[in-house]
Amino acid sequence: MTHLRSHHRVLSQRFPKSEVFGLVSQMRRTAVSVPSNIAEGAARNSTEEFLRFLNVSGGSLSELDTQVEIAMRLGCISSKQKEELDGTTDSMAGKLPTSSGNRRKGCDDG
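Residues numbered from 1 in each chain as written. Predicted model: local features only at pLDDT ≥ 70, side-chain atom pairs only at ≥ 80, totals over all residues. Heavy atoms only, no water.

(A) A look at the overall build of the protein chain. Helices and strands together make up the secondary structure of the protein chain, namely 5 helices and 0 strands. Along the protein chain, helices (α) and strands (β) appear in the sequence α-α-α-α-α when read from the amino end. Buried positions account for 40% of the 110 residues belonging to the protein chain. Restricting the contact set of the protein chain to residue pairs at least 6 apart, pairs at least 24 apart contribute 65%. Accessible surface for the protein chain amounts to roughly 6,500 Å². Of this, 52% is attributable to carbon and sulfur atoms. (Helix = DSSP H or I, 4+ residues; strand = E, 2+ residues; numbered from the N terminus. Buried < 20%, exposed > 50% of the residue type's maximum accessible area, 1.4 Å probe, protein only. Contact = heavy atoms within 4.5 Å. Areas by Shrake-Rupley, 256 points an atom, 1.4 Å probe, with all protein chains shown as cover.)

What follows is the structure, given as structure tokens:
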């Protein structure tokens, strides 16, 4: 989890100042929300609630995928950096249960 946050933080420090309160802020919040939702779900009293929070974490990973794609299209990161970030989020998604870890592929083909 720490790797997810730190990887996105390091790259986002290179973004233009104009994105600090926009895309950078959103990406940082999203990267933090993934482990935060897992922790909150783990503290709940039921498996059903825990799974719901895991599902929310999976949704946050999808948000992060979209934000990374936007960052690349804006020229804030290179395609190589996008691939590295995609690898990090894919690794995290693979650790979530199948119902919440499945992320749609091929959405950045446009």
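What follows picks up the thread again.
(B) How the structure looks around the packing of helix α3 (residues 47-73) against helix α4 (residues 79-95). The interhelical angle for the contact between α3 and α4, taken along N-to-C directions, is 180 degrees, at an axis separation of 10 Å. With respect to α4, the element α3 is oriented roughly antiparallel. Seen from α3, the contacting residues are L61, L64, D65, V68, E69 and M72; seen from α4, they are S79, K82, L85, D86, T89, M92 and A93. (Axes fitted to C-alpha atoms, helices over the stretch in contact; angles between N-to-C directions. Parallel < 35°, antiparallel > 145°, perpendicular 65-115°, else oblique.)

(C) Structural view of α4. Helix length check: α4, at 17 residues, gives a terminal C-alpha distance of 24 Å against a target of 24 Å (1.5 Å per residue), a fit within 8%. Among the residues of α4, Q81, K82, L85, D86, T88, T89, M92 and A93 are the ones counted as buried. Relative to the axis of α4, the buried residues are bounded by an arc of 160 degrees and lie together on one face. Projecting away from the buried face of α4 at angles above 90 degrees are the exposed residues K80, E83, G94 and K95. (Expected span 1.5 Å × (residues − 1). Arc of directions from axis to C-beta.)

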